[in-house]
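# Topology and contacts: notes
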Amino acid sequence: MPLFNKSTQLLSLQIDGFLDAVAEGGLVFREGVQAYLAGDLDRFEVRCKAINDLEHKADDLSKAVETHLYRHSLIPEHRGDVLGLLETTDTIIDTAKTSLFQFSVEKPAIPGDYREGFSRLADASSEAMQSLVLAARTFFRDPEAIKDHLFKVGHYEHEADAISDALKRSIFAGELELAHKIHLRYFALNIEKVSDKAKEVADRLAIYAIKRSL
Amino acid sequence: MELVLFLSSGLFMGWSLGANDAANVFGTAVGTRMVKFRTAALVCSVFIILGAVVSGAGAAHTLGRLGAVNALPGAFTVAMAAGLTTFWMTRLRIPVSTSQAVVGAIIGWNLYADTVTDTRSLGSIVTTWVACPLLAAGVAAAVYVLLKRAILRRKPHLLEMDAFTRLSLLAAGAFGSYSLGANNIANVVGVFVPDNPFRELHVLGLAITGAQQLFALGGLAIAVGVFTYSERVMKTVGSGLLHLSPLAALVVVLAHSITLFLFASEGLEHFLASRGLPTFPLVPVSSSQAVVGAIIGIGLLKGGKGIRYGALGEISLGWVTTPLVAGVTAFVLLFVVENVFDRHVYRDVSYRVDAAVIEKLAGEGITDPGLHQLRDRTRVNSERLQRDLKRGTKLGTREILAVIDRSQLGLWHVDPAVVARGLDRDWFTPGQIAAVREISGRSYERRWRLRDDLAVVTSEWRPLPATKLNRIRNNELELKLEFLEQTFLVRPLDEEAGEDGLSDGAEATQRAPAAAHGSNSTSSR
């Protein structure tokens, strides 16, 4: 039985649109890193522009949802939690965008030995983002089932940590100049930060889900 | 002018009722911020007025509880006392039962007027304090568990759930407000119907009766109470006792309505009994106590830690205090009105046990040798007769109340002019109207003589055996008989009038029927 009126339906579409943008941002981030690692700079710049657009879209939708929730006094009990969720989720796509833009600005030279490590790190961070988006969608419908998705976010964040740690050890154990090593570590850290942000949001979401449970 | 003054106290009571009782229907919705106060107040006011005007029509035939008070200045004072008590409780943010304030104030009047109080009405108040919250708590816990299961199965979107809860709270609030208006309007203005200053109006071909205009005015008074002063009690109900989720807010409203429906609905009892199904016991219930009970039920279901027991204690104290304060206030105000403003706040009603009364009682299975010792002496109030009956007989409380009722003296004249004007055809059956025509012109000094005569003419005026199936029919019959008694009452008979020599059933000189208040049947029967 659909109980949505048009205005609530629009709001629901806006929230879905926001989460779509974040999920797509995660995929674009991974593709962007891989394009850079493959040396396909044209494809990489297209991804940079795409993630920039997605980040703007997510920002706009987040603001629209916030305004709508306050104007119509909707979900008074969970309004703060939902707005907190949107705000912190927005920071993940922000972080992903910043990370990709740093590649574009600084153009780090990544030796072939480390490319697979960076690629796997980007994969893990992107997966953490995807799982987080799934968890957020579940929060709106079935808070009891959110644990499975939150578990996956944690899993990918651990994986990203492990890959990043191995990558940094391998970089610092190699023959590169110290400045180059530090430069590469900086990029590893920035990619890893995406999964860290996803984990932070997941931790908040776990609390929100407890508050939503009946 | 005097009537306007008297009416003002009824309207004040309506205002205080609106200020306090709106919390029962919209308190949880406003307290959980699901419905804005202004929206709640608007919906509540509109539906209260609708309920008062549309469904309160039945109240045109009843004076409400204040009908027990047999003089208009007394009714004014009793309404004022009940209104003041409810207002005080509202200031303290405590949800109380306005009906209990009215009953308390009437008991104050009974004490002042030396009229016997039916102790069953006191017993029912005490029962309501305990049974009603307990039942509502159980119902709320059950509803909560069922609703939770349904939600877990269906998994609605948070926004969908929000829309559903909001809509349900508004709908339940609107229905509750309609009932609030329909059920309470008799208490607010019912006693003024016989002296109604409003005349029938025709607007766009629609006839609006004087009673409906009076009810609209009463409904408006309740609505003003909702708008101006109900937010305080709403906050207590909505968030003062327990932090409620919107879903719990909905459960409270549903549980409150279900409790009232299951345990107070004679219609449901009749429906079940007529199909050979077990019925729910009918117990006295109150909206305010049901709502508080439902909130506590949810709190206990969640472990009981979130309940603010201090607030609960204050509310319980408020419940006990309300009828007591109303009674004392009424007593003091009656003294002031009678002695300072020189207004008679009650009319004397005399009682006499004679051979006819003893025979009538014997027919009902009430016999006691002591009754003969009390014969043929007129008592100036029911309190004295009760004292003599307690001293001189071994009758129980119920029997004593029956003796008092049958011994009441008065003059009831079935005025042919009133009969000719016609009785409400929508309410009385053709057989009942024909029976009233048959006895037109007769006078009675005992109420039960009038009843007996009607019952002789047609079985439609005879009560059926007291079973669950017959309860509605018998209650309706009782209401109609009380209406006739009020309509045909010329005056309560004091000792001298009793010696006028009017013989029961004899033709009497045509007298103009007095205003339809004079029976103290509620208190003495």
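Residues numbered from 1 in each chain as written. Chains lettered and ligands numbered in written order. Predicted model: local features only at pLDDT ≥ 70, side-chain atom pairs only at ≥ 80, totals over all residues. Heavy atoms only, no water.

Now for the overall build of chain B. Broken down by element type, chain B carries 22 helices and seven strands. For 525 residues, the compact-globule estimate of 2.2 N^0.38 gives 24 Å, and chain B sits close to it at 24 Å. Pairs at least 24 apart in sequence give 80% of the contacts found in chain B among residues at least 6 apart. Placing the 50 positive and 43 negative side-chain charges of chain B at their respective mean positions leaves the two points 12 Å apart. (Helix = DSSP H or I, 4+ residues; strand = E, 2+ residues; numbered from the N terminus. Rg over C-alpha atoms; globule rule 2.2 N^0.38 Å. Contact = heavy atoms within 4.5 Å. Lys, Arg positive; Asp, Glu negative; His and termini not counted. Charge placed at Lys NZ, Arg CZ, Asp CG, Glu CD.)

This brings us to the overall build of chain A. In terms of helices and strands, chain A carries six helices and zero strands. Along the chain direction, N to C, the helices and strands of chain A fall in the order α-α-α-α-α-α. What you see for chain A is a C-alpha radius of gyration of 19 Å, in line with the 17 Å of a compact globule of 214 residues. With the C-alpha coordinates of chain A rotated into their principal frame, the extents come out at 65 × 30 × 25 Å.

Another aspect to go through is the interface of chain A and chain B. Of the residues lining the interface, 24 residues belong to chain A; the matching set on chain B comes to 24 residues. Across the chain A to chain B interface the summed buried area is about 2200 Å²; carbon plus sulfur atoms make up 64%. At the junction of chain A with chain B, the criterion picks out two salt bridges. The residue K155 of chain B makes a salt bridge to D142 of chain A at a minimum N-O spacing of 3.7 Å. Linking chain A with chain B are six residue pairs in polar contact (both at pLDDT 80 or more). Secondary-structure elements contributing two or more residues to the side of chain A that touches chain B are helix 1 (6–37) and helix 4 (112–141) of chain A. (Buried area = accessible area lost by both parts, 1.4 Å probe. Salt bridge = Lys/Arg side-chain N within 4 Å of Asp/Glu carboxyl O. Polar contact = N/O pair within 3.5 Å; in protein donor to acceptor, adjacent residues only side chain to side chain.)

Residue and element names in this part refer to chain A. One pass over the structure, following the stated rule, counts 18 aromatic pairs over all chains. Taken together, the ring pairs in this structure connect Y36, F44, F103, Y186 and F187 into an aromatic cluster. When the ring centre of F101 is taken as origin, the NZ or CZ atom of K97, which lies over that ring, is 5.6 Å away. Sitting over the ring of F139, R212 keeps its end group 5.9 Å from the ring centre. (Phe/Tyr/Trp six-rings, centres within 6.5 Å; stacked < 30°, edge-to-face > 60°. Lys NZ or Arg CZ within 6 Å of the ring centre and 35° of its normal.)

All names here are of chain A. The end-to-end C-alpha distance of helix 3 (residues 79–106), which contains 28 residues, comes to 40 Å, matching closely the 40 Å that a straight helix rising 1.5 Å per residue would cover. Among the 28 residues that make up helix 3, 20 are buried, leaving the element largely enclosed by the rest of the structure. One or two steps after helix 3, the chain reaches K107, where phi turns positive at roughly 45°. (Expected span 1.5 Å × (residues − 1). Buried < 20%, exposed > 50% of the residue type's maximum accessible area, 1.4 Å probe, protein only.)

Residue and element names in this part refer to chain A. By the definition in use, this model includes 30 salt bridges over all chains. Of the charged contacts in the structure, one is a salt bridge between R137 and D20, with a shortest N-O distance of 2.5 Å. Note that R137 is positioned in helix 4 and D20 in helix 1, a separation of 117 residues in sequence. On the basis of relative accessibility, which here comes to 27%, the residue R137 falls in the partly exposed class.

Another aspect to go through is the side chain of N24 of chain B. Topologically, N24 of chain B is positioned in helix 1 (residues 2–31). Here S288 of chain B takes part through its side chain, which lies 3.2 Å from a polar atom of the side chain of N24 of chain B.

Moving on: the domain arrangement of chain B. Partitioning chain B into structural domains gives domain 1 (2–339) and domain 2 (351–524). Each of domain 1 of chain B and domain 2 of chain B has a C-alpha centre, and the two are 33 Å apart. (Domains from an automatic or database assignment.)

All names here are of chain B. Together, L111, V328, F331, V332, F335, V336, V340 and F341 give the surface a local cluster of nonpolar side chains, amounting to about 770 Å² of exposed area. Here the nonpolar patch gets five residues from one element, more than from any other, and that element is helix 12 (residues 309–339). In this fold, V332 is placed in helix 12. The exposure class of V332 is partly exposed, given its relative accessible area of 46%. (Patch = residues over 30% accessible without salt bridge, like charges linked within 9 Å, V, L, I, M, F, W, Y side chains within 5 Å. Areas by Shrake-Rupley, 256 points an atom, 1.4 Å probe, with all protein chains shown as cover.)

Grouped together as the largest cluster of nonpolar side chains are 101 residues, with contacts concentrated most on F26, V189, F192, L241, I295 and I298 of chain B. Top element by residues in this core is helix 1 of chain B. It accounts for 11 residues. Here I298 of chain B is in contact with A140, Y144, L242, A248, V251 and V252 of chain B, once residues within four sequence places are set aside. One finds V33, V65, I93 and A202 of chain A within the second-largest nonpolar core, a separate group that totals 67 residues. (Core = buried A, V, L, I, M, F, W, Y, C linked by side-chain atoms within 4.5 Å.)

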